[in-house]
Amino acid sequence: MKKYILALDEGTTSARSILFDKEMNIVSMTQQEFPQIYPRPGWVEQDPMRIYATQYASLTECIAKSGVSPDEIAGIGITNQRETVIVWDKNTGKPVYNAIVWQCRRTSELCEKLKSDGYSDFIAETTGLRPDAYFSATKIKWILDNVPGAAAKAEKGELLFGTVDTWLLWKLTEGKVHITDRTNASRTMLYNIKELRWDERLCKMLGIPMSMLPEVRSSSEIYGSMNLMGSCVPICGIAGDQQAALFGQGCVNSGDMKITYGTGCFLLSNTGNTPVYSNHGLVTTIAATACGEKVEYALEGSVFTGGAVIQWLRDEMGLIQESSDSEYFAAKLSDNGGVYIVPAFSGLGAPYWDMHCRGVITGLTRGTGRNYIIRAALESVAFRSNDVIDAIRADSMSRINSIKVDGGASMNNFLMQFQSDISDLRVIRPGQNEATAAGAAYLAGLSSGFFDKNELFKEQSACTVFEPSIDQEKRNSLLCGWKNAVRSCMGGNYE
């Protein structure tokens, strides 16, 4: 009898594996970090073989720690950092270059050229996205243009492209399966989200042979299987991390919203079976659905630097020893003292989309101490998330009363209370904080028959609710200071 479901959560800085039981209790969980590579300022890479090795090691350790037999596992779900590009040799299985990570800005000039050549509207209408180095397409082109012999091999059909889910699936099935799901395909800037196919014109425009591209499937079906310690276990759920979190939070109805506080912050709002195109700097993407179900869409706003600003306080600035220390020091102050940090370490995402600006600190005085910097850094995460919430409000023209949250930084009570205060909404943090892995587990469990969709979201775990605690005058004053700081960051260009 199948008793468990396994989720592989391959993030930006670590690979995790979580084994859930039928009631979604965590039976076993393991995590292995892997290094980032920074060849030049603004460039971010990872070793594809290290990505696979850490995920596989995490997987096997998770099973070993649990004492569970692989025969008892109904299926495996994969969720992954999105937009990150891996290109490998079809015959040898070796990557031709490091993975180019979603944060990498090396193709900014190419994206500016696409805009100046008048392709912005076509790209937006076709893919729901905008020309930006964040997405996968220009990263693929960079590899083909800059790795000796890559373009010729691609034209011969000898190279394969995949986002991280595709790479893991290909490796775990020993090279038998070259597949992605619609959520990941919709982040490449090559996928027609209305016609649900790779777009030939976009591929030709960027010089990307379509033979490189994986087959696109739904987020919940059986793609293949892996040999797990002698047992054949199906891999039967795939979703990009943010769509997995949306599904894991039970945001399956139009209007449901969530924020995931990870390395970046990502807000998604389910818009149902109709794609909604934004007038306020958001992108349109595909939500996770099972095989045979009608496709669903979401509006998304991406904040490039979220929880990473807390890591910056710890690792680069040395102001805290543990990430959790930030809450303690921020709470020692009654206000921010007029200090604001705009953490544009990799430019600004939605709704500004300024790839070239860099971070600033404003409002410094002789009396500004460590605690003010720490507090301003935490507040910046909420301010940037609120920028996206306001864009959602403007696009949907409907009142938002609450939003669900997950991710590591959502465990910071100071940050969650400030988010509630500055956004004037109820913030709901579920007792189960592993929404991304849970989404992958749900998707795998549905296709394997482990879960019944009619029962899936009936039982919600206990949650913590944060209610707004400041008046509108105070809120407006804080937001005014934030907008002035953003203007400083963008050289006065923001209106």
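Residues numbered from 1 in each chain as written. Predicted model: local features only at pLDDT ≥ 70, side-chain atom pairs only at ≥ 80, totals over all residues. Heavy atoms only, no water.

Enquirer: Requested: an account of the overall build of the protein, with residues and values cited.
Expert: Helix and strand counts for the protein stand at 16 helices and 23 strands. Over its C-alpha trace the protein gives a radius of gyration of 22 Å, about what one expects of a compact globule, namely 23 Å for 495 residues. The C-alpha extent of the protein, read off along each of the three principal axes, is 60 × 55 × 45 Å. Within the protein, buried positions represent 61% of all 495 residues. Sequence separation of at least 24 residues holds for 72% of the intrachain contacts in the protein that already meet a minimum separation of 6. For the protein, the exposed surface amounts to about 18800 Å²; the carbon and sulfur share of it is 47%. (Helix = DSSP H or I, 4+ residues; strand = E, 2+ residues; numbered from the N terminus. Rg over C-alpha atoms; globule rule 2.2 N^0.38 Å. Buried < 20%, exposed > 50% of the residue type's maximum accessible area, 1.4 Å probe, protein only. Contact = heavy atoms within 4.5 Å. Areas by Shrake-Rupley, 256 points an atom, 1.4 Å probe, with all protein chains shown as cover.)

Enquirer: Go over the side chain of Gln-249 with me, naming the residues and quoting the values.
Expert: In this structure, Gln-249 sits in the loop between helix H9 (241–248) and strand S15 (257–261). Judged by its relative accessible area of 5%, Gln-249 is buried. Reaching out from Gln-249, the side chain makes a polar contact with the backbone oxygen of Val-405 at a distance of 2.9 Å. With residues near it in sequence (within four places) discarded, Gln-249 still touches Lys-258, Lys-404, Val-405, Asp-406, Pro-430 and Ala-435. (Polar contact = N/O pair within 3.5 Å; in protein donor to acceptor, adjacent residues only side chain to side chain.)

Enquirer: Before we move on, can you summarise the packing of helix H10 (residues 308–315) against helix H12 (residues 370–396) with the specific residues and values?
Expert: Two quantities define a packed helix pair, namely the angle between the helix axes and the distance between the axes. Running from N to C, H10 and H12 cross one another at 160 degrees; their axes reach a closest spacing of 9 Å. Between H10 and H12, the crossing angle belongs to the class labelled roughly antiparallel. Note that H10 runs across H12; the crossing there is right-handed. Contacts between H10 and H12 pair Val-309, Ile-310 and Leu-313 from the former with Ile-373, Ile-374, Ala-377, Leu-378, Ser-380 and Val-381 from the latter. Taken together, the residues of the contact of H10 with H12 sort by class into eight nonpolar, one polar and no charged. (Axes fitted to C-alpha atoms, helices over the stretch in contact; angles between N-to-C directions. Parallel < 35°, antiparallel > 145°, perpendicular 65-115°, else oblique. Left-handed = near helix turned anticlockwise from the far one by under 90°. Nonpolar A, V, L, I, M, F, W, Y, C, P; charged D, E, K, R; others polar.)

Enquirer: I'd like a description of the environment of Arg-82, backed by residues and values.
Expert: Within the element layout of this structure, Arg-82 appears in the loop between strand S5 (73–80) and strand S6 (86–89). In this structure Arg-82 comes out as buried when scored by relative accessible area, which is 2%. Each C-alpha atom of the pair Arg-82 and Arg-201 lies 23 Å from the other, and the pair is 119 residues apart in sequence. The contacts of Arg-82, once residues within four sequence positions are left out, are Trp-102, Tyr-134, Asn-184, Arg-187, Gly-240, Asp-241, Gln-242, Gln-243, Phe-266 and Glu-300. Within the local environment of Arg-82, its side chain forms a polar contact with the side chain of Asp-241, the two groups lying 3.4 Å apart.

Enquirer: An account of the pattern of salt bridges is needed here, citing residue identities and associated values.
Expert: Applying the stated criterion across every chain yields a total of 25 salt bridges. Residues Arg-475 and Asp-424 are paired through a salt bridge, measuring 3.5 Å at the closest nitrogen-oxygen approach. You can see Arg-475 sitting in helix H16 (residues 472–489) and its partner Asp-424 sitting in the loop between helix H13 (413–423) and strand S22 (426–430), a full 51 residues away along the chain. Using a relative accessible area of 4% as the deciding quantity, one classes Arg-475 as buried. The structure contains a network of salt bridges with shared partners spanning Arg-82, Glu-83, Arg-187, Asp-241 and Glu-300. (Salt bridge = Lys/Arg side-chain N within 4 Å of Asp/Glu carboxyl O.)

Enquirer: An account of the packing of aromatic side chains is needed here, citing residue identities and associated values.
Expert: What the rule picks out here adds up to 22 aromatic pairs. Between Trp-43 and Trp-142 the ring centres are 5.5 Å apart and the planes differ by 85 degrees, which places this aromatic pair in the edge-to-face class. In this pair, Trp-43 is assigned in the loop between strand S3 (26–33) and strand S4 (45–46) and Trp-142 in helix H4 (residues 137–146), connecting sequence segments 99 residues apart. For the pair formed by Trp-43 and Trp-142, the shared burial category is buried. (Phe/Tyr/Trp six-rings, centres within 6.5 Å; stacked < 30°, edge-to-face > 60°.)

Enquirer: So what's going on with the pairing of strand S17 (residues 283–286)? Which residues, and what values?
Expert: What you see with S17 is no split at all: Val-283 and Thr-285 on one side and Thr-284 and Ile-286 on the other are buried throughout. Taken together, the four bridges between S17 and strand S18 (residues 297–303) define a ladder with antiparallel strand orientation. Residue pairing in the sheet places Thr-284 in a bridge with Leu-299 of S18. (Pairing = 2+ DSSP bridges.)

Enquirer: Break down the nonpolar core for me, with residues and values.
Expert: Ranked by size, the top nonpolar core spans 104 residues in total, and within it Leu-190, Met-212, Tyr-261 and Leu-348 carry the most contacts. Counting residues per element, this core draws most heavily on H12, at twelve residues. In this structure Leu-190 touches Thr-127, Ala-137, Ile-140, Arg-197, Trp-198, Asp-199, Leu-202, Cys-203, Leu-206, Ile-208 and Leu-213, once residues within four positions along its chain are discounted. Counting residues in hydrophobic clusters, the runner-up holds 32 residues, among them Ile-73, Ala-99, Trp-167 and Leu-168. (Core = buried A, V, L, I, M, F, W, Y, C linked by side-chain atoms within 4.5 Å.)

Enquirer: Can you break down the packing of H12 against H13 residue by residue, with the values?
Expert: Packing of H12 against H13 brings their axes to within 9 Å, and their N-to-C directions diverge by 40 degrees. In terms of orientation, H12 and H13 fall into the oblique class. For the pair H12 and H13, the crossing hand works out as right-handed. Contacts between H12 and H13 involve Arg-375, Leu-378, Glu-379, Val-381, Ala-382, Phe-383, Ser-385, Asn-386, Ile-389 and Arg-393 from the first element and Phe-414, Leu-415, Phe-418, Gln-419, Ile-422 and Ser-423 from the second. Class assignment of the residues belonging to the contact of H12 with H13 gives a composition of nine nonpolar, four polar and three charged.

Enquirer: Explain helix H6 (residues 164–172) to me, using residue names and the numbers behind them.
Expert: Within H6, eight of the nine residues are buried, which leaves the element mostly enclosed by the surrounding structure. All of the buried residues in H6 are Val-164, Asp-165, Thr-166, Trp-167, Leu-168, Leu-169, Trp-170 and Leu-172. Within two residues after H6, Glu-174 carries a phi angle of roughly 60 degrees, on the positive side.

Enquirer: Outline H10, supporting the account with residue identities and numerical values.
Expert: Looking at H10, one finds that the buried residues are Ala-308, Val-309, Ile-310, Trp-312 and Leu-313. Elements in contact with the buried residues of H10: helix H11 (325–330), strand S19 (340–342) and H12.

Enquirer: Can you tell me about the sheet that holds strand S1 (residues 4–10), naming the residues and giving the values?
Expert: By definition, the strands of a sheet pair up through backbone hydrogen bonds, in either a parallel or an antiparallel sense. The strand order across the open sheet built from six strands is S3-S2-S1-S5-S14-S13, with neighbouring strands paired in mixed fashion. The strands lining the two open edges of the sheet, one partner per strand, are S3 and strand S13 (224–228). Taking each pair of neighbouring strands and ignoring which way they run, the sheet shows an average axis angle of 25 degrees. Pairing between S13 and strand S14 (residues 231–240): five bridges, direction antiparallel. Note on S14: the bridge partner recorded for Met-226 is Val-233. Where H6 meets the sheet, it contacts S1, S5, S13 and S14, and its direction lies at approximately 145 degrees from that of S5. Contacting S5 and S14, H9 runs over the sheet at an angle of about 95 degrees to S14.

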